[in-house]
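# Overview (structure and organization)
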Amino acid sequence: MDKWDKRFTDMARLVATWSSCYQPNRQVGAVIVKNKRVMTTGYNGAPSGVESCKTKGVCLRREKNIPSGTQLEICYAVHAEENAIAQAARLGVSVDGATLYCTHQPCVICSRMIINSGIKRVVYQDGYPSDFSLQLFKEAGVLVERMEENEQ
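Let me begin by describing the structure that accompanies this report.

Quick notes on the rules
Residues numbered from 1 in each chain as written. Predicted model: local features only at pLDDT ≥ 70, side-chain atom pairs only at ≥ 80, totals over all residues. Heavy atoms only, no water. Helix = DSSP H or I, 4+ residues; strand = E, 2+ residues; numbered from the N terminus. Buried < 20%, exposed > 50% of the residue type's maximum accessible area, 1.4 Å probe, protein only. Core = buried A, V, L, I, M, F, W, Y, C linked by side-chain atoms within 4.5 Å.

### With respect to unusual backbone geometry
A positive phi angle, close to 55°, is found at Asn35, a residue other than glycine. With respect to the helices, strands and loops of the structure, Asn35 is situated in the loop between strand S1 (29–34) and strand S2 (37–43). Looking at Asn35, the relative accessible area reads 69%, which means it is exposed. Phi is positive for Asn65, which is not a glycine, with a value near 55°.

### Side note on the nonpolar core
As a rule of thumb, soluble globular proteins bury nonpolar side chains together. Core analysis: the biggest nonpolar cluster contains 16 residues, and Ala30, Ile32, Val95, Leu100, Ile114, Ile119 and Val122 have the highest contact counts within it. Only S1, helix H4 (80–91) and strand S3 (99–104) provide two or more residues apiece to this core. Among the elements that line this core, the one with the most residues is H4, at 4 residues. By size, the runner-up hydrophobic cluster in this structure holds 8 residues, among which are Val15, Val31, Val123 and Met147.

So far we have only geometry, and geometry alone does not tell us how the molecule works.
As structure tokens, this is what we get:
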């Protein structure tokens, strides 16, 4: 991994600290980069105008005992990757051909959004129980790289 990749993965970890997710181990950050320029960032949290789990003091998924990687629709949070792509759309920024750096492997829903937005490369740190998302990336020709422990 070159020094630029390391800087952008570090930035994704910083952005993750802005998360409004109640579960500290589920704070996720994403950075979309094109030509070594940061296009947008995103972190997981409740949509604008919706009270977050952190504010409520309870995680809906934990309260309902929902396993990680399942029933993704039962959560107040918008995923970091979704927020980064939505921010690009809101600002009129093209992410076609970009790289997305993320603290966690994207879920299947985010993977489909990443593919359709034109992002061509995903670099992530922590795994996620979704082999199907990796299969989709492979079929779509999106390069996926997981950071090695010694690179983190």
